[in-house]
Amino acid sequence: MSSFGERFSGLTKPVTQSLFAIVIGLAVGVLLLAVWGYDPLVGFRQLFESAFFTEIGLASTLSYATTLMLVGITFGLGMRAGLFNIGAEGQLMVGAIAAVAVSTFSLPPGLHLLVGVIFAMLAGALWALPVATLKVKKGVHEVVSTIMLNWIAFYLCLYLVLGPLYKAGTHTSIQIPQNSRFPLLFGTLSSAILVAILFAVIVYFIMWHTRLGVKIRAVGFDQESAHYMGINPGRAMMIGFIIGGLAAGLAGGAIVMGVPPDYAVFTELSNITGYGFAGIAVALIGRNHPLGTIFSAIFFGGLWSGKRAMQIYAHIPLEIVDIIIGIIVISAAIPELLGIIRRKIKGRSSR
Amino acid sequence: MTNAFRVKIRRKWVLGIILLMGVVIIFCVMHSAGLEVPSLIMISLDAMVLLGLVAIGEVVNERAGTVNIGLEGILLLSSFAAVFGTERSGSWAIGIFVGAVAGVLTGLIHGLISIYAKGDQIISGMGINLFAAGFVAFGIWTTWVPGVHMLSPGLEMPRISTPWGGLSWFVPITIVFTLAIHFVFYKTTWGVRLRAAGENPGAVDASGVNVFRLRLLACIFGATLAGLAGAFMSLDWVGMTTKALPAGRGFIALACVVFSGLEPISALGAAALFGFCEGLSTWIKAVPQLIPIIPPGFDKFIMMIPYIATLVAVTVVIGRRRFPKSVGRPYRREEI
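Conventions used here
- Residues numbered from 1 in each chain as written.
- Chains lettered and ligands numbered in written order.
- Predicted model: local features only at pLDDT ≥ 70, side-chain atom pairs only at ≥ 80, totals over all residues.
- Helix = DSSP H or I, 4+ residues; strand = E, 2+ residues; numbered from the N terminus.
- Buried ≥ 20, exposed ≤ 12 C-beta atoms within 10 Å, placed from the backbone.
- Contact = placed C-beta atoms within 7 Å.
- Rg over C-alpha atoms; globule rule 2.2 N^0.38 Å.
- Axes fitted to C-alpha atoms, helices over the stretch in contact; angles between N-to-C directions.
- Parallel < 35°, antiparallel > 145°, perpendicular 65-115°, else oblique.
- Left-handed = near helix turned anticlockwise from the far one by under 90°.
- Nonpolar A, V, L, I, M, F, W, Y, C, P; charged D, E, K, R; others polar.
- pLDDT = per-residue confidence, 0-100.
- Core = buried A, V, L, I, M, F, W, Y, C linked by C-beta atoms within 7 Å.
- Expected span 1.5 Å × (residues − 1).

Undergrad: Account for the overall build of chain A, with residues named and values stated.
TA: A tally of helices and strands in chain A yields 14 helices and 2 strands. Taking the principal axes of the C-alpha coordinates as reference, chain A spans close to 75 × 60 × 45 Å. In chain A, which comprises 351 residues, the share counted as buried stands at 55%. When contacts within chain A are restricted to residue pairs at least 6 apart in sequence, those whose partners lie at least 24 apart make up 77%.

So this is what it looks like as structure tokens:
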């Protein structure tokens, strides 16, 4: 029993820190809304009620969570390996496009879904490969290379969606065939979420229960010491990028093969953009841990799904959610924030 | 050692002159083929000013030891703030001031987080980018209509008139700024302290200079230049504000910083190079002789030019660059 207690007492600090960052984010959101003359309480009630307490809303929350969880793993795994991998945005786009491209072949139903998933994952990993190679062989910082590749992916996908993969007369690309989509669980929630959770658990297992995972985390903790211990940092970083790419590619595939009613990419790419950067917040609040990321993705999925209800019923621009996400990330940059505040208060009272 | 230094300088000059001659020859060939070369140069200069201002500001910031990847967000915030200020006051000068203030405030927050609270600078910077994307979209929505706001006619900043079209006042300003920063870096005590703060903050601290304040000021200065650049972009260059106006230029400016090896003049050179790539991608699409040749949809590949060029350029120069030892690491004074 004591081991149980010990195991979970280690969780209190990270959970408090994450909750504190969320509270700051929401507080700034409330403040901004109040300054702009909106009623924040009505807005947030609409947001959370529709996101978690209606069946349609909950299905869409979990559906967003599927994607956010995977891009969160991309970033979180990168952080564990000492990388700032913000390339999930581009890797997700090429993953989605690759899954759509599979629809141009004619394959038997079950196999088609499998091939689509594999293509999406490989495309994501392929897009992460130049970043990894440039980082390991040349020392190019991943922030610059990932952002450049995100934009290149954006224009490439725009070309493909409007060109070879365009479905004439519509506002989308060609669709995934009916019998090759992820089966729906309830409402609009597809079984892609099970695949995503499985992926998270596998990543958790690799990172915390295999030798490879220990090596990757050692490199992230202190590259120099890891090197002296006989670990090849380049190889560990390479694997960190590639697993991240697989996750982001799968996220793209999960959107086009698992989100009704379109099962396609919009011509302006509007349904596959924005996830990658939100994934940063998901990972940070999930403490860069695959299992933590699952829960944090559900929270952010709720913000994403509830923001439309908030806009429709409370007339608050849905971008307030992006502001909140930004503030959450900024406050997560200072893990010691709570400690600093506590020390300040203590210092004042003792005086 | 002095000799090696001289050889290095000379090689740099020779390379620069060869590059310049190559560019001039290409321009002459293009001009004789009947292409609109002056318009290409004018677009490139605008793009150069934007990247240059952001890059030299970040050079100062990184020399002092702090990294700010929130430049993209600062560009976005200040481009919105500048249009907001101009529309409300009816004067572009106040707009530019408001844009710069947006830069100062963001720089202050980033500086406090990364220098005093010892937070993670990269995460803080990325948070600024995310916040800016949300805030500007929210601001445009609540102030005007969702999406885009065009600057009201008559409020644009005046330009220097030249035979080839208007030249922005920011072009000479950027060049003067660059030279001034070069001078401060290498000829003044403050420049020495600033550079030392990035290399060995402990030594600067021991000499009695407040490292924290020095770094904070450098961080605010860099963000202010980015704020000016954002104001330039929305008021002087494109005359509008949208929620995705910088389109990765903040990160291209970071690439300029890497490319320059933290030398202000080289940073401006890199900005000219990347600005030219951007000008090229805008210009090609408007060349009458090329329009029939470009296959439909191919313009997307032309749009990739600046990003691909940045990636290639950074890959080629990296490894030959040396960065300050303590860059990106918060300075902790040892407890007494």
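Now that the structure has been shown, the text picks up again.
Undergrad: Give a description of the overall build of chain B that names residues and reports values.
TA: A count of helices and strands for chain B gives 13 helices and 4 strands. The C-alpha radius of gyration computed for chain B amounts to 21 Å, which stays within 12% of the reference 20 Å derived for 336 residues, consistent with globular compactness. Along the longest, intermediate and shortest principal axes, the C-alpha atoms of chain B span 70 × 55 × 35 Å. In chain B, buried positions account for 49% of the 336 residues.

Undergrad: Tell me about the packing of helix 5 (residues 109-138) of chain A against helix 6 (residues 142-162) of chain A, and please be specific about residues and values.
TA: In helix packing, the relevant descriptors are the interaxial angle and the interaxial distance, both defined with respect to the helix axes. Residues and elements named next belong to chain A. Closest axis-to-axis distance for the helix 5/helix 6 pair is 10 Å, and the angle between their directions is 155 degrees. When the axes of helix 5 and helix 6 are compared, the pair comes out roughly antiparallel. When you trace helix 5 past helix 6, the crossing you get is right-handed. On helix 6, the residues touching Trp 127, Pro 130, Val 131, Leu 134 and Lys 135 of helix 5 are Glu 142, Ser 145, Thr 146, Leu 149 and Ala 153. Residue composition of the contact of helix 5 with helix 6, by class: 6 nonpolar, 2 polar and 2 charged.

Undergrad: Can you lay out the interface of chain A and chain B for me, pointing to particular residues and giving the numbers?
TA: The interface of chain A with chain B comprises 37 residues on the first partner and 38 residues on the second. Sorting the residues of the side of chain A that touches chain B by element identifies helix 5, helix 6, helix 11 (275-285) and helix 13 (320-332) of chain A as the ones contributing at least two each. Ranked by residues supplied to the side of chain A that touches chain B, first place goes to helix 6 of chain A with 11 residues. Per-class residue counts for the side of chain A that touches chain B are 29 nonpolar, 5 polar and 3 charged.

Undergrad: Before we move on, could you go through the confidence of the model for chain A and cite the residues and values that matter?
TA: Per-residue confidence for chain A gives a mean pLDDT of 89; residues scoring 70 or more make up 96%. Within chain A, the element-level pLDDT minimum falls on helix 14 (residues 337-350) of chain A, averaging 75, and the maximum on helix 7 (residues 192-209) of chain A, averaging 95.

Undergrad: Residues and numbers for the nonpolar core, please.
TA: Counting 220 residues, the largest nonpolar core has A:Leu70, A:Ala96, A:Val329, B:Leu51, B:Val54, B:Ala55 and B:Cys256 as the members making the most contacts within it. With sequence-adjacent residues up to four places away left out, A:Ala96 is seen in contact with A:Ala120, A:Gly252, A:Gly253, A:Ile255, A:Val256, A:Val265 and A:Ile272.

Undergrad: Lay out helix 12 (residues 290-314) of chain A in plain terms, naming residues and giving numbers.
TA: All names here are of chain A. The terminal C-alpha atoms of helix 12, which comprises 25 residues, lie 35 Å apart, in line with the 36 Å expected from a rise of 1.5 Å per residue. Of all the 25 residues making up helix 12, 18 are buried; the element is thus mostly covered by neighbouring parts of the structure. Where helix 12 terminates, the next one or two residues include His 315, which has phi positive at roughly 55 degrees.

Undergrad: If you had to explain the environment of B:Ile284 to someone new, which residues and values would you point to?
TA: Residues and elements named next belong to chain B. Summarising the element assignment, Ile 284 is placed in helix 11 (residues 264-284). In this structure, the C-alpha to C-alpha distance between Ile 284 and Ile 302, residues 18 residues apart in sequence, is 7.9 Å. If near-sequence neighbours (up to four positions away) are discounted, Ile 284 is found in contact with Leu 290 and Ile 302.

Undergrad: Please give an account of helix 11 of chain A that cites residues and values.
TA: Residues and elements named next belong to chain A. Where burial is concerned, most of helix 11 is hidden: 11 out of the 11 residues are buried. Tyr 275, Gly 276, Phe 277, Ala 278, Gly 279, Ile 280, Ala 281, Val 282, Ala 283, Leu 284 and Ile 285 are the residues of helix 11 that are buried. At the C-terminal side of helix 11, Arg 287 shows a positive phi close to 55 degrees.

Undergrad: Can you break down the environment of A:Leu134 residue by residue, with the values?
TA: Inspection of the secondary structure assignment puts A:Leu134 in helix 5. C-beta crowding within 10 Å serves as the criterion here: with 21 such atoms nearby, A:Leu134 is assigned to the buried category. Remark: the alpha-carbon pair of A:Leu134 and A:Ile202, spanning 68 residues in sequence, is separated by 27 Å. In contact with A:Leu134, not counting residues within four places along its chain, are A:Val140, A:Ser145 and B:Thr315.

Undergrad: Tell me what's going on with the packing of helix 4 (residues 92-116) of chain B against helix 9 (residues 211-237) of chain B, and back it up with residues and numbers.
TA: All names here are of chain B. Here helix 4 crosses helix 9 at 145 degrees, and the two axes come no closer than 7 Å. Read as a crossing pair, helix 4 and helix 9 show a hand that is right-handed. Residue composition of the contact of helix 4 with helix 9, by class: 17 nonpolar, 11 polar and 1 charged.

Undergrad: Outline the confidence of the model for chain B, listing residues and values.
TA: Confidence along chain B averages 87 in pLDDT terms, with 95% of residues attaining 70 or more. Our summary of model confidence lists the complex with pTM equal to 0.90 and ipTM equal to 0.90.

Undergrad: Residue-level account of the environment of B:Val211, with values.
TA: Residue and element names in this part refer to chain B. Here Val 211 is to be found in helix 9. Sequence separation of Val 211 and Ile 308 is 97 residues, and the distance between their C-alpha atoms is 38 Å. Among residues more than four places away in sequence, those in contact with Val 211 are Ala 197, Pro 201, Val 204, Asp 205 and Tyr 331.

Undergrad: Just give me the short version of unusual backbone geometry, but keep the residues and values in it.
TA: Residue and element names in this part refer to chain A. At the junction of Pro 260 and Pro 261, the peptide bond is cis and its omega measures out at 0 degrees in the coordinates. With respect to the helices and strands, Pro 261 occurs in the loop between helix 10 (233-258) and helix 11. Although it is not a glycine, Leu 269 adopts a positive phi angle of roughly 65 degrees. Classification of Leu 269 as buried rests on a count of 20 C-beta atoms within 10 Å.

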